[in-house]
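Results of the structural survey
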Amino acid sequence: MAQSSTTTPLRDLRSRVQKRADAAADTRPRVTLSFYRYVQIPDPESFKTRLLDKWQAFGCLGRVYVAQEGINAQMSVPTEYWPEFDAWVQHQPELTGIPYKMAVEEGELPSFFKLMIKVKDKIVADGLDDSSFDVTDTGAYLTAAQMNEYVTDPDAIVVDMRNNYESEVGHFESALTPDVVTFKDELQKTPELLRVHKNKKIALYCTGGIRCEKASAWLKHNGFSDVRHLKGGIIDYAHQVKEQGLENKFRGKNFVFDERLGERVGEEIISTCHLCKSQKSDTHYHCQNQICHTLFIGCAGCVEKKKGYCSFVCRQIDRLPASTKKTVARHYNLKIRKRRPFQKTRPQR
Ligand SMILES: [Zn+2]
Ligand SMILES: [Zn+2]
């Protein structure tokens, strides 16, 4: 027993490293995109099998959540298979007409290293009891041009429905950015935070729009009458700004939940390195110590100096023999996390 508990993380780590290597060797041009839909899927398991069979054949990578309430997908598709992929997706009765949000920029490496499709209770972890309110009573959509008006309107309040590590590197001018680390927390706190703005028009936004579907219905249920949300989120906003030549009122970077960890929307860097706390940076890293894996913002100098670890302690722990590593790490990890504003993060969109 003791043996397996010390070897499992290493085996995980090796397969992760292998997957990265495989993905890096696959240099085919790819398209990164995301899409979601709230739609009744009575049998998510068989739906998952249907997706997996086809998408594996196309060489798709990504992270996909399927639930009885719908689908939430972030994917990377080889460009050569794009026409087939698109045709197949649009041919599925659950997905016909589903809009895609195309990535603003592609990274050098694929944005995902494997294809993972998971059946979940919900497509976004929101901690809400959906039977307690009308989830279909969502707010009206805002276009990018309308969002720009909201940003400068004194009678409006713009609310960032994402977590603190996302809004730290980029957000709309004048937006309210709640200091939370999960969407569940955000939903709990927002009605209270907005109490003083009760008579204002409310505009919500998130990465790709999915969180605002639930959040707008939740706020309306909590007594806010004029709630709207940015259609397609920041990803679509960036496209509309470019295509329509609008003024960009989003400052900084859009955090995304794939290996790229961010897409540049504006040129400005609005955040600071967590390690030296002095250099401007908006590049996120996961600590090299796989047991820690903390998400942090690092400047080039610090990342080089600390060799990709979030701290000296993490670097030391990573050098220990595997047999002692886990015990020591468990002890230090608690200390490390207490000191950090950011918790270990899991994709949450
Ligand atoms: Zn630094
Ligand atoms: Zn660390």
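Residues numbered from 1 in each chain as written. Chains lettered and ligands numbered in written order. Predicted model: local features only at pLDDT ≥ 70, side-chain atom pairs only at ≥ 80, totals over all residues. Heavy atoms only, no water.

1. A few points about the coordination of the zinc ion (ligand 2)
Note on the zinc ion (ligand 2): its protein donors are C287 (SG), C292 (SG), C310 (SG) and C314 (SG). The metal-donor distances range over 2.3 to 2.4 Å. Here the zinc ion (ligand 2) binds four donor atoms, and the angle range of 103 to 114 degrees at the metal identifies the geometry as tetrahedral. Sequence spacing of the donors to the zinc ion (ligand 2): C-x4-C-x17-C-x3-C. With C287 in the loop between strand 13 (284-286) and strand 14 (295-297) and C314 in helix 10 (residues 312-319), this pair connects stretches of sequence that are 27 residues apart. There is no split in this pair, since C287 and C314 are both buried. (Donors = N, O, S within 2.8 Å, 3.2 Å for Na, K, Ca; no water. Tetrahedral: all angles 85-135°; square planar, octahedral: opposite > 155°, others 65-115°. Helix = DSSP H or I, 4+ residues; strand = E, 2+ residues; numbered from the N terminus. Buried < 20%, exposed > 50% of the residue type's maximum accessible area, 1.4 Å probe, protein only.)

2. Points about helix 8 (residues 233-244)
The terminal C-alpha atoms of helix 8 lie 16 Å apart, and with twelve residues this matches the ideal 16 Å at 1.5 Å per residue to within 8%. Among all positions in helix 8, only G233, I234, I235, Y237, A238, Q240 and V241 are buried. Positive backbone phi, approximately 60 degrees, marks G245, located one or two places after helix 8. (Expected span 1.5 Å × (residues − 1).)

3. What about helix 6 (residues 183-193)?
The complete set of buried residues in helix 6 reads F183, E186, L187, T190 and P191. On an axial view of helix 6, the arc spanned by its buried residues comes to 120 degrees, and they lie on one face. Of the surrounding elements, those touching the buried residues of helix 6 are strand 7 (156-160) and helix 7 (210-221). (Arc of directions from axis to C-beta. Contact = heavy atoms within 4.5 Å.)

4. Remarks on the environment of T152
By secondary structure assignment, the location of T152 is in helix 4 (residues 144-152). With a relative accessible area of 51%, T152 lands in the exposed category. Between the C-alpha atom of T152 and that of S174, which follows or precedes it by 22 residues, the distance is 8.0 Å.

5. Topic: the coordination of the zinc ion (ligand 1)
Donor atoms from the polypeptide that bind the zinc ion (ligand 1) are C273 (SG), C276 (SG), C299 (SG) and C302 (SG), placed at 2.3 Å. In this structure, the zinc ion (ligand 1) is coordinated by four donor atoms arranged in tetrahedral fashion, with angles at the metal of 100 to 120 degrees. Sequence positions of the donors to the zinc ion (ligand 1) reduce to the motif C-x2-C-x22-C-x2-C. Of this pair, C273 sits in the loop between strand 12 (263-264) and strand 13 while C302 is found in helix 9 (residues 300-305), placing the two residues 29 residues apart along the sequence.

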